[in-house]
Amino acid sequence: MTDAPPTTGLHHVTNICTDMDETVAFYEDALGWHTVKRTQNYDDPGTKHYYFSPTPAGEPGATVTYFEYPDSRGAPGPGASHHFAFGVEDEETLAEWREHLKEQGVRVSQVKDRTYFKSVYFSDPDGLVFELATEGPGFGVDEAEPGSAEIDPFADGDE
């Protein structure tokens, strides 16, 4: 560890979409989130910048924002996000989310066991991959001090 100043954690994530109306519908209808701010990109005036949150007021750590660039198309790779995950309390809630997303017409994966949590994956209208992940069992499940050793999850033939 260094003597870097402290942070309070993740504040927000900003993504790019091609159609803000589709993105609003995805967050409000499929995810049940709130549009908490409709503004412009401070660095690119005239470009829509919308903020979404699971709570009506929005707060740091639970806010996702989007810039709208209608004619853009990204490519996965270095410098791009692979996916990001929202937390859910437990496996029962994860199963409820999976059914809810399917009812909303969202393609969603089967439940995956990731050792430290269980999760499902789905995509927004532009193909950005999301994950819903349970809180447990946690990162200490296979070592007394999380991060103290490199763990090979495939060492005993498991996937």
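As a reminder, the structure under discussion sits directly above these lines.
Let me sum up the structure you'll find in this document. All values reported here derive from a predicted model rather than from experimental measurement. Residue numbers run consecutively from 1 along every chain, following the written order of its sequence. Since the coordinates come from a predicted model, pLDDT governs what is reported: local features require at least 70, and pairs of side-chain atoms require 80 or more to be given and counted, while whole-chain, interface and lining totals use all residues. Think of the side-chain values as coming from all heavy atoms in the structure, minus any hydrogens and water.

Moving on: the overall build of the protein chain. Under the DSSP-based scheme used, a helix requires at least four consecutive residues in state H or I and a strand at least two consecutive residues in state E, with every element numbered from the N terminus. A count of helical and extended segments in the protein chain gives two helices and eight strands. The order of α-helices and β-strands along the protein chain, N terminus first, is β-α-β-β-β-β-α-β-β-β. Structurally, the protein chain occupies a C-alpha span of about 55 × 45 × 30 Å along its principal axes. Accessible area is worked out with a 1.4 Å probe on protein chains only. A residue is then buried under 20% of its type maximum, exposed over 50%, and partly exposed in between. Out of the 159 residues in the protein chain, the part that is buried amounts to 30%. Residue-level accessible areas treat just the shown protein chains as cover; the underlying method is Shrake-Rupley with a 1.4 Å probe. With the model as given, the accessible surface of the protein chain reaches about 10600 Å², and the carbon-plus-sulfur share is 51%.

Bringing helix α1 (residues 20–30) into the picture now. The complete set of buried residues in α1 reads Met-20, Thr-23, Val-24, Phe-26, Tyr-27 and Ala-30. Polar contact is defined as a pair of N or O atoms within 3.5 Å, subject to the rule that within protein one atom must be able to donate a hydrogen and the other to accept it, and that residues adjacent in sequence are counted only when both atoms are side-chain atoms. Put simply, Asp-19 is the residue that caps the front of α1, since its side-chain oxygen is 2.9 Å from the backbone nitrogen of Asp-21. Where α1 terminates, the next one or two residues include Gly-32, which has phi positive at roughly 70°.

Here Gly-77 lies in the loop between β4 (63–68) and β5 (84–88). Spatially, the C-alpha atoms of Gly-77 and Arg-38 are 29 Å apart, while their sequence positions differ by 39 residues.

Glancing now at the nonpolar core. Nine residue types can take part in a nonpolar core, namely buried Ala, Val, Leu, Ile, Met, Phe, Trp, Tyr and Cys, and a core is a set of them joined through side-chain atoms within 4.5 Å. The biggest cluster of nonpolar side chains holds 24 residues, and the ones touching the most others in it are Tyr-27, Tyr-66, Phe-86, Phe-122 and Phe-130. Residue assignment for this core shows that the elements contributing at least two residues are α1, β3 (44–53), β4, β5, α2 (91–103), β7 (118–123) and β8 (129–134). When checking whether two residues touch, look at their non-hydrogen atoms; a contact exists if any pair is within 4.5 Å. If we ignore the near neighbours within four places in the chain, the residues touching Phe-130 are Phe-26, Tyr-27, Tyr-66, Phe-84, Phe-86, Val-120, Tyr-121, Phe-122, Ser-123 and Asp-124.

The next subject is the environment of Thr-39. Along the chain, Thr-39 turns up in strand β2 (residues 34–41). Residue class for Thr-39 comes out partly exposed when judged on its relative accessible area of 24%. For the pair formed by Thr-39 and Tyr-50, sequence separation is 11 residues and the distance between their alpha carbons is 6.1 Å. Among residues more than four places away in sequence, those in contact with Thr-39 are Thr-47, Lys-48, His-49, Tyr-50 and Tyr-51.

Looking now at the side chain of Thr-63. The residue Thr-63 is located in strand β4 in this model. In this structure the side chain of Thr-63 is engaged in a polar contact, spanning 2.8 Å, whose partner is the backbone oxygen of Glu-59. Not counting residues within four places of it along the chain, the set of residues in contact with Thr-63 comprises His-11, His-12, Val-13, Tyr-51, Phe-52, Ser-53 and Gly-58.

As a further point, take the sheet that holds β4. Strand order across the open sheet formed by four strands is β1-β4-β3-β2, with mixed pairing between neighbours. The sheet is open, and its two borders are formed by β1 (12–17) and β2, each paired with just one other strand. Neighbouring strand axes in the sheet, compared pairwise and without regard to direction, differ in orientation by 25° on average. Note: two strands are recorded as paired if DSSP finds a minimum of 2 bridges between them. Bridge analysis of β2 against β3 gives seven bridges, and the strand direction is antiparallel. Counterpart to Thr-39 in the pairing with β3 is His-49. The strands that α1 touches are β1, β2, β3 and β4; relative to β3, the one it contacts most, it runs at about 10°. The axes used here are C-alpha line fits, helices contributing only the stretch in contact, and every angle between their N-to-C directions lies in the interval 0 to 180 degrees.

Bringing α2 into the picture now. In this analysis, the expected span of each helix is defined as 1.5 Å times one less than the number of residues it contains. Here α2 is 13 residues long and its end C-alpha atoms lie 18 Å apart, about the 18 Å a rise of 1.5 Å per residue gives. Of the positions making up α2, those classed as buried are Leu-94, Arg-98 and Leu-101. Buried residues of α2 fall within an arc of 70° about the axis and therefore sit on the same side. Exposed positions of α2 whose direction lies more than 90 degrees from the buried face are Glu-92 and Glu-103. The opening residue of α2 is Asp-90, an N-cap whose side-chain oxygen sits 3.3 Å from the backbone nitrogen of Glu-92. After α2 finishes, the residue Gly-105 shows a positive phi value of roughly 80°. Note that the arc is defined by the directions from the helix axis to the C-beta atoms.

So yeah, pure geometry; function would need other evidence.
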